[in-house]
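Spelled out from the first residue to the last, the chains are:
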Amino acid sequence: MTVSLRVEGKVGILTIERPDVFNCLNLETLRTMRDHIARLQFEKDIRAVIVTGAGEKAFCAGADLKERRTMSESQVQEFIRTIRDTFTELERLNKPVIAAINGAAFGGGTELALSCDLRVLSETALMGLTETSLGIIPGAGGTQRLPRIVGKAKAKELIFTARRISAQEALSIGLVNRVVPQEQVLAAALELAEEIAQNAPIALAQAKYAIDFGLEVDLQTGLAMESNAYQVLIPTKDRLEGLEAFKEKRRPNYRGE
């Protein structure tokens, strides 16, 4: 088993189970992750997802370079397409996704974290897009997602230098949302996921859609997209439940309907 999926309450936890090789990504791992993502898309009872790595040393050290050395050029192209598409499917998942970065996250590991909505980082962990030091560039979305999160100039600095950055620097540039002690990373991510999971799942999905796709267009188009996303929510039972719960001064019971 290269990637496990367990459920705690309304939260699904995806764990890369390769601690002996710093949770690096081979084709089998990516295909298994992709299968889990496809399942999560239709699990109504799971309201938020956490992605993390097994062990204490690494979240994900990127691509499995040992496997890469045995690949032909066409196989390398297949790997790049698979990792890119897997991360895009994770990014487009209809639920909030939190990266619980419990250790080192380099190359594809940082790109995996970038494809999540939120990031909780161990105070002792390092991150970095280190590909240019290996004669390549980030190929799983790093050149596109990083500048959208930290800005173009800072993204160019990090990619051009292949520099590994500390947790505090990652926090200061907005790369991560929270920094916590190493032993608290998963608990902090779970606490955040549970807070999110209390809210209406259809509303969460539409909010994620409006934010992600709205950022890719001009403001007026984005506002129109927001209005359309809001229209989806008007006939839902969850919207009426939210109003009733507010009136009755109780916690709403959202069902995703």
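Residues numbered from 1 in each chain as written. Predicted model: local features only at pLDDT ≥ 70, side-chain atom pairs only at ≥ 80, totals over all residues. Heavy atoms only, no water.

S.K.: How do you make sense of the sheet that holds strand β1 (residues 3-8) when you look at a structure like this?
M.R.: Whether parallel or antiparallel, the strands of a sheet pair through hydrogen bonds between backbone atoms. Ordered by their spatial adjacency, six strands build an open sheet running β1-β2-β3-β5-β7-β9, and the pairing between neighbours is mixed. Only two strands of the sheet have a single neighbouring strand rather than two, namely β1 and β9 (178-180). The mean inter-strand angle of the sheet, taken between neighbouring strand axes irrespective of direction, is 20 degrees. (Pairing = 2+ DSSP bridges. Helix = DSSP H or I, 4+ residues; strand = E, 2+ residues; numbered from the N terminus. Axes fitted to C-alpha atoms, helices over the stretch in contact; angles between N-to-C directions.)

S.K.: Can you walk me through the packing of helix α5 (residues 142-150) against helix α6 (residues 152-161) in this structure?
M.R.: Packed helix pairs are specified by the crossing angle of their axes together with the interaxial distance, meaning the distance between the axes. In contact at an axis separation of 7 Å, α5 and α6 are set at 135 degrees when each is read in the N-to-C sense. By the angle between their directions, the pair α5 and α6 is classed as oblique. Every pair of crossing elements has a handedness; the one defined by α5 and α6 is right-handed. Packed against α5, whose contacting residues are Gly 142, Thr 143, Leu 146, Pro 147 and Val 150, the element α6 presents Lys 152, Lys 154, Ala 155, Leu 158 and Ile 159 at the interface. Broken down by class, the residue content of the contact of α5 with α6 amounts to six nonpolar, two polar and two charged. (Parallel < 35°, antiparallel > 145°, perpendicular 65-115°, else oblique. Left-handed = near helix turned anticlockwise from the far one by under 90°. Contact = heavy atoms within 4.5 Å. Nonpolar A, V, L, I, M, F, W, Y, C, P; charged D, E, K, R; others polar.)

S.K.: Quick question: what am I supposed to make of the packing of aromatic side chains here?
M.R.: Two numbers describe a pair of aromatic rings. These are the distance of the centres and the angle of the planes. For the structure on display, the rule yields one aromatic pair. Measuring from centroid to centroid gives 4.8 Å for Tyr 209 and Phe 213, while their planes differ by 40 degrees, and the two rings are tilted. In this pair, Tyr 209 and Phe 213 are both assigned in helix α9 (residues 201-214), four residues apart and thus about one turn of the helix distant. For Phe 213, a relative accessible area of 30% gives the class partly exposed. Stacked on the ring of Phe 213, the Lys or Arg Arg 92 has its end atom at 4.4 Å from the ring centre. (Phe/Tyr/Trp six-rings, centres within 6.5 Å; stacked < 30°, edge-to-face > 60°. Buried < 20%, exposed > 50% of the residue type's maximum accessible area, 1.4 Å probe, protein only. Lys NZ or Arg CZ within 6 Å of the ring centre and 35° of its normal.)

S.K.: Quick question: what am I supposed to make of a nonpolar patch on the surface here?
M.R.: Judged by side-chain polarity, Leu 65, Leu 134 and Ile 136 come together as a nonpolar surface patch covering roughly 270 Å² of accessible area. Within the secondary structure, Leu 134 is located in the loop between β8 (127-128) and α5. Accessibility expressed as a relative area gives 52% for Leu 134, which makes it exposed. (Patch = residues over 30% accessible without salt bridge, like charges linked within 9 Å, V, L, I, M, F, W, Y side chains within 5 Å. Areas by Shrake-Rupley, 256 points an atom, 1.4 Å probe, with all protein chains shown as cover. Salt bridge = Lys/Arg side-chain N within 4 Å of Asp/Glu carboxyl O.)

S.K.: How should I be thinking about the pairing of β1 in this particular structure?
M.R.: Successive side chains on a regular strand alternate, one facing one side of the sheet and the next facing the other. Looking at chain direction, β1 and strand β2 (residues 11-16) are connected through six bridges and run antiparallel. If you follow Val 3 over to β2, its bridge partner there is Ile 16. Here β1 folds back onto β2, and the loop between the two strands holds two residues, one of which, Gly 9, carries a positive phi near 65 degrees.

S.K.: For this particular structure, what's the right way to read the packing of α9 against helix α10 (residues 219-233)?
M.R.: Closest axis-to-axis distance for the α9/α10 pair is 9 Å, and the angle between their directions is 170 degrees. In terms of their interaxial angle, α9 and α10 are classed as roughly antiparallel. Of the residues in α10, those touching α9 at Ile 202, Ala 203, Gln 206, Tyr 209, Ala 210, Phe 213 and Gly 214 are Gly 222, Met 225, Glu 226, Ala 229, Val 232 and Leu 233. Among the residues making up the contact of α9 with α10, the classes are represented as nine nonpolar, three polar and one charged.

Keep in mind that these numbers describe shape and distance, not what the molecule does.
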